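Residues per chain, in single letters:
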Amino acid sequence: MGLISKRKNKKFSYEPRYYNSDKEGSPFQIEHKFDKFRSTVGDSKGWKGKFKDAVADLKNNSNKRASRTIFIIVSIFVLIFLYIIDFDLSIFTQPTY
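Treat the numbers as computed from the prediction; the structure is a model and nothing was measured. (Residues numbered from 1 in each chain as written. Predicted model: local features only at pLDDT ≥ 70, side-chain atom pairs only at ≥ 80, totals over all residues. Heavy atoms only, no water.)

## Remarks on the overall build of the protein chain
Reasoning step 1: Across its full length, the protein chain holds 2 helices and 0 strands.
Reasoning step 2: A total of about 10,700 Å² of accessible surface is found on the protein chain, and carbon and sulfur atoms cover 59% of it. (Helix = DSSP H or I, 4+ residues; strand = E, 2+ residues; numbered from the N terminus. Areas by Shrake-Rupley, 256 points an atom, 1.4 Å probe, with all protein chains shown as cover.)

Now the structure itself:
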């Protein structure tokens, strides 16, 4: 009855009658237009592999201004979060007696 095994999805191999598959770029293949430029899209590598690829892409990014903008936005969000949880920043300063 299949209580232990998983149910497999149905697969269809549809090919139109008058379609010539010798040409490049199938109109029936669904692909994002930027997938060929991304290194994080593709094989299932798990969380660690995807994170390593994303960090490598960030390091190899030639647009330093965008990286700086992202850093500024993240730092502002961190400061807002610290303000919301009422974090005391005075622990990083030396006490003056």
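Further notes follow.
## Things to note about unusual backbone geometry
Reasoning step 1: One non-glycine residue, Asp86, lies in the positive phi region at around 60°.
Reasoning step 2: The class of Asp86 is exposed, set by a relative accessible area of 67%. (Buried < 20%, exposed > 50% of the residue type's maximum accessible area, 1.4 Å probe, protein only.)

## Looking at helix α2 (residues 64–84)
Think of an α-helix as turning once every 3.6 residues; residues three or four places apart then point the same way.
Reasoning step 1: End to end, α2 covers 30 Å across 21 residues, agreeing with the expected 30 Å (1.5 Å per residue, within 8%).
Reasoning step 2: Taken from the residues just after α2, Asp86 is the one with a positive phi, measuring 60°. (Expected span 1.5 Å × (residues − 1).)

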